Amino acid sequence: MKLMQNRRTFLAGLSAIGGAGLLNVRPSSAAGEPALETTTVRLGQWVGGAYCWASIYLAGELLRADGFTDIQYVEGDTHVDNSKWLSAGLIDFDMNMPSMHVRSIDAGVPVKVLIGVHSGCFELIGNDSVRSIRDLRGKRVGGGSVESHPHILTALMANYVGLDPVHDIEWVEGEQAPMQMFIDGKVDAYMAGPPEPQILHARKIGHTIVNNGTDRPWSQYFCCMVAGNADYVSRYPVATKRVLRAILKSAGPVRF
């Protein structure tokens, strides 16, 4: 029952988009749109973080042009996932992997998952001993802590083909970065995000087992999604719409 409630909560957040008209994004018009309920928004900032954060940074300028006067970029504790920043009330919106949002919902954090931004970008990279997901049985697999998206995504893929992620795989965590551990032969496979797959391919190290940008069913899932603080989204639907519009405009060639 708890899992069903979590799924309903997740879908309720998505449904809220349609109810508030958040997907009906058009060019801003001061005369034709409702006034902002607030001109303040707090967004995450991770210095040296992933390229997908670019749309968050670029959105700031669009938001200023759209009436926001107080746009704060907040960097929380970089030793924890940035979903913790949203749950701690440090930011109003979080760009993150679906698995991280689901973890927050499962923990009872009041968030609403609003919209997908990027499609798949991760690749499961393996050495010559790993040619398929089923070959992960008995192998050493890296990719971050057990609470990280790479670990969760790899475990989901393993479970999908009948493996027991807990007992069939030797999960390896270390002080080194996962890519370096793979290069050094300390792990047999790991889930890599850009630009690591491109670096490894260029150096002819390892090979791609699964690309979640092209290989079904994993290509059917978003890589990054935006979630908002439930109170902010409920109290400020117009502001929320404009925040999402700015992020989507900044993310790529989307028609509005």
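Structure: above.
Residues numbered from 1 in each chain as written. Predicted model: local features only at pLDDT ≥ 70, side-chain atom pairs only at ≥ 80, totals over all residues. Heavy atoms only, no water.

## Looking at the packing of aromatic side chains
Reasoning step 1: Per the stated rule, a full pass over the model turns up 6 aromatic pairs.
Reasoning step 2: Their ring planes at 80° and their centres at 4.9 Å tell us that Y232 and Y236 sit as a pair that is edge-to-face.
Reasoning step 3: With relative accessibility at 5%, the residue Y232 sits in the buried group.
Reasoning step 4: With a relative accessible area of 16%, Y236 lands in the buried category.
Reasoning step 5: Joined through ring pairs, the aromatic side chains of F93, Y232 and Y236 make up one cluster. (Phe/Tyr/Trp six-rings, centres within 6.5 Å; stacked < 30°, edge-to-face > 60°. Buried < 20%, exposed > 50% of the residue type's maximum accessible area, 1.4 Å probe, protein only.)

## Thoughts on the sheet that holds strand β7 (residues 170-171)
Reasoning step 1: If you walk across this open sheet you meet the 5 strands as β7-β6-β8-β5-β9, and the pairing is mixed. Edge positions in the sheet fall to β7 and β9 (207-211), since each has one partner strand and no second.
Reasoning step 2: Two elements, strand β6 (residues 140-142) and strand β8 (residues 189-192), share 2 bridges in a ladder whose sense is parallel. Directly across from V141, in β8, lies its bridge partner A189.
Reasoning step 3: Set on the sheet, helix α5 (residues 149-160) makes contact with β5 (123-126), β6, β7, β8 and β9; between it and β8 the angle comes to about 120°. (Pairing = 2+ DSSP bridges. Helix = DSSP H or I, 4+ residues; strand = E, 2+ residues; numbered from the N terminus. Contact = heavy atoms within 4.5 Å. Axes fitted to C-alpha atoms, helices over the stretch in contact; angles between N-to-C directions.)

## Considering the side chain of T38
Reasoning step 1: The topology assignment puts T38 in the loop between α1 (2-20) and β1 (40-44).
Reasoning step 2: A distance of 3.2 Å separates a polar atom in the side chain of T38 from the backbone nitrogen of T40. (Polar contact = N/O pair within 3.5 Å; in protein donor to acceptor, adjacent residues only side chain to side chain.)

## Examining the environment of I169
Reasoning step 1: Take I169: it is sitting in the loop between α5 and β7.
Reasoning step 2: For I169, a relative accessible area of 6% puts it in the buried group.
Reasoning step 3: Distance from I169 to R140, taken between C-alpha atoms, is 6.6 Å for residues 29 residues apart in sequence.
Reasoning step 4: If near-sequence neighbours (up to four positions away) are discounted, I169 is found in contact with L136, K139, V141, A158 and D164.

## Observations regarding the packing of helix α2 (residues 54-65) against helix α9 (residues 237-251)
Reasoning step 1: Two numbers describe how α2 lies on α9: the axes approach to 8 Å, and their chain directions differ by 120°. Judged by the angle between their axes, α2 and α9 are oblique. Taken as a pair, α2 and α9 cross one another with a handedness that is right-handed. In this structure, α2 uses S55, I56, L58, A59, L62 and L63 to contact α9, whose residues at the interface are R242, V243, A246, I247, K249, S250 and A251.
Reasoning step 2: In terms of residue class, the contact of α2 with α9 is made up of 9 nonpolar, 2 polar and 2 charged. (Parallel < 35°, antiparallel > 145°, perpendicular 65-115°, else oblique. Left-handed = near helix turned anticlockwise from the far one by under 90°. Nonpolar A, V, L, I, M, F, W, Y, C, P; charged D, E, K, R; others polar.)

## Structural notes on the pattern of salt bridges
Reasoning step 1: Applying the stated criterion across every chain, the model contains 10 salt bridges.
Reasoning step 2: E33 is the partner of R242 in a salt bridge, and the nearest nitrogen-oxygen pair spans 3.4 Å. Taken together, the residues span a long stretch of sequence, with R242 in helix α9 and E33 in the loop between α1 and β1 at a distance of 209 residues. The pair formed by R242 and E33 is uniform in burial state, with each residue classed as buried.
Reasoning step 3: We note a salt bridge from D128 to R131, for which the minimum N-O separation is 3.4 Å. Residue D128 shares its accessibility class with R131, and that shared class is exposed.
Reasoning step 4: Members of the salt-bridge network, linked through shared partners, are E33, D66, R242 and R245. (Salt bridge = Lys/Arg side-chain N within 4 Å of Asp/Glu carboxyl O.)

## Some remarks on the nonpolar core
Reasoning step 1: Formed by 57 residues in total, the largest nonpolar core has its most connected members in V41, F68, F93 and L136.
Reasoning step 2: A total of 7 residues in this core trace back to one element, the largest contributor, which is α9.
Reasoning step 3: Judged by nonpolar contacts, the second largest core, of 9 residues, contains I125, M179, F182 and Y190. (Core = buried A, V, L, I, M, F, W, Y, C linked by side-chain atoms within 4.5 Å.)

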